[in-house]
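Architecture and fold: a report
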Amino acid sequence: MNKLTKLNPWYSLIGIAVFAVLLLVVAPNVLSMHWISNLGKYSAWAIVAVGIGLAWGRGGMLVMGQGVFFALGAYAMAMHLTLETAGPDATPTFMILYDPLAAVPAFWEPFRSEWFTVLAIVLLPVIVAGVLGYALFKRRVKGAYFAILTQALAVALAVLVSSTIRETGGDTGLSGFKYFFGYVLNDDANKLMIYMITVALLIVCMLVAWQLYRSRFGELLLATRDAEDRVRFLGYDPANIKLVAFVIAAVMASIGGAMFVPLVGIITPQEIGASASILFIAGVALGGRASLFGPVLGAMAIGWGQSSLASSWPEGWIYILGLLFILVTLFLPNGLASLVSRVRSAVRSDPGGRPGSRRRARAERRLAA
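Residues numbered from 1 in each chain as written. Predicted model: local features only at pLDDT ≥ 70, side-chain atom pairs only at ≥ 80, totals over all residues. Heavy atoms only, no water.

Focus on the confidence of the model for the protein chain
Scored by pLDDT, the protein chain has a mean of 84; 88% of the residues are at 70 or more. In the predicted structure, residues 1–7 sits below a pLDDT of 50 and forms one contact with residues beyond four places in sequence or in another chain. (pLDDT = per-residue confidence, 0-100. Contact = heavy atoms within 4.5 Å.)

Section: the packing of helix α2 (residues 33–58) against helix α12 (residues 274–287)
Following both chains from N to C, one finds α2 and α12 inclined at 70°, their axes separated by 9 Å at the closest point. Relative to α12, the element α2 is oriented roughly perpendicular. Residues Trp-45, Val-48, Ala-49, Ile-52, Gly-53 and Trp-56 of α2 form the contact with α12, whose participating residues are Phe-280, Ile-281, Val-284 and Ala-285. Counted by class, the contact of α2 with α12 contains nine nonpolar, one polar and no charged residues. (Axes fitted to C-alpha atoms, helices over the stretch in contact; angles between N-to-C directions. Helix = DSSP H or I, 4+ residues; strand = E, 2+ residues; numbered from the N terminus. Parallel < 35°, antiparallel > 145°, perpendicular 65-115°, else oblique. Nonpolar A, V, L, I, M, F, W, Y, C, P; charged D, E, K, R; others polar.)

Observations concerning helix α8 (residues 188–213)
In this model, α8 (26 residues) spans 37 Å end to end at C-alpha, consistent with the 38 Å of a helix rising 1.5 Å per residue. Two or three places before Ala-189, at the opening of α8, Asp-187 has a side-chain oxygen 3.0 Å from that residue's backbone nitrogen. (Expected span 1.5 Å × (residues − 1). Polar contact = N/O pair within 3.5 Å; in protein donor to acceptor, adjacent residues only side chain to side chain.)

Some remarks on the packing of helix α3 (residues 66–86) against helix α11 (residues 238–264)
Each pair of packed helices can be described by the angle between their axes along with the distance between the axes. Closest axis-to-axis distance for the α3/α11 pair is 7 Å, and the angle between their directions is 40°. Taken together, α3 and α11 sit at an angle that is classed as oblique. Both α3 and α11 take part in a crossing whose hand is right-handed. Contacts between α3 and α11 involve Gln-66, Phe-69, Phe-70, Leu-72, Gly-73, Ala-74, Met-77, Ala-78 and Leu-81 from the first element and Phe-246, Ala-249, Ala-250, Ala-253, Ser-254, Gly-256, Gly-257, Ala-258, Phe-260, Val-261 and Pro-262 from the second. Considering only residue class, the contact of α3 with α11 consists of 15 nonpolar, five polar and no charged. (Left-handed = near helix turned anticlockwise from the far one by under 90°.)

A word on a nonpolar patch on the surface
Nonpolar side chains collect at one region of the surface, where Tyr-11, Ile-14, Val-18, Val-21, Leu-22, Val-25, Val-26, Val-30, Leu-31, Trp-35 and Trp-304 lie side by side and expose about 1,000 Å² of accessible area between them. Counting residues per element, the nonpolar patch draws most heavily on helix α1 (residues 2–30), at eight residues. Under the relative-accessibility criterion, Trp-304 is labelled partly exposed at 44%. (Patch = residues over 30% accessible without salt bridge, like charges linked within 9 Å, V, L, I, M, F, W, Y side chains within 5 Å. Areas by Shrake-Rupley, 256 points an atom, 1.4 Å probe, with all protein chains shown as cover. Salt bridge = Lys/Arg side-chain N within 4 Å of Asp/Glu carboxyl O. Buried < 20%, exposed > 50% of the residue type's maximum accessible area, 1.4 Å probe, protein only.)

Quick look at helix α6 (residues 144–163)
Here α6 contains 20 residues, and its C-alpha end-to-end distance of 29 Å stays within 8% of the 28 Å for a straight helix at 1.5 Å per residue. For α6, the set of buried residues is Phe-146, Ala-147, Thr-150, Ala-154, Ala-158 and Val-161. All buried residues of α6 project into a common sector of 110° when viewed along the axis, lining one side. Every exposed residue of α6 that faces more than 90 degrees away from the buried side is listed here: Ala-144, Tyr-145, Ile-148, Val-159 and Ser-163. Buried residues along α6 sit against α3, α5 (114–137), α7 (165–168), α11 and α12. (Arc of directions from axis to C-beta.)

So, in structure tokens, the structure goes:
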């Protein structure tokens, strides 16, 4: 038993390897380009879900405002692709439509650089999440108050983007991208390359989460979730532990948003607001927030449902999603991933399918003797 327990952490690593082979090798050879693009979009959402699993599943922080950090990465990438499409020193078309004499805003200009864009995708969420998390966690804001505040930020950002038409495109968003860091987006080979990059980033995020879960930090994060006061009495600052997890989740959300843009070809306020943040949470809850693979598979399942059912039955999709969320919360609070542990417990208790029967039989034999 001890040997099996020691091997358990490595089962997840083997699972990640199998998952990588399926997405990087099998899928490109058996799926059409349409489904490859969709799978890439689901993978971008799954990157966000990995971070939510770390912050919520392991840290107990119900991060309902991940749309904010998704937006930071998405709009940073979209601004670069828009400027790249317009050409050197040129003004994007949507700005000219509103004002023929419009100049490119000053905060847009740095995004002409590829390296600045990549750094912004990583550093902007670190700065925003760091400042926001420090302000909240040091004041011991948690639970419902934390969830409401983060969701309110997502709503505020979506409203701000909608109202700044000349700078961000408003409700219509940013679209019409032709290039991705010099590569033509309409080329199927380049679309496949972007898909592979997205999946590779997803695998890297899963490996980071796997390492964090089994590290000293992962133990402290779990302890902070379950007994924050005890962690404080032991000499650790729970605020700092939460802050690290919150920042890592924000960076993952930003990376997911950045890869979402070239895969889908558009970014609008609808993709970053409260409804988008709730979709992220719903996917993680469905799959199982405390597991490694649960958030990934749950996000992909929700993404498939939104792409398939929402397009054919837009009025009913939101009700299906709500009903699914209620059922999972009531009967599987730990998500679908908990089914595996339940089956495993049942098998261990009685291989024949009758829990406890062998234990009772042994007890009866001892009494008879």
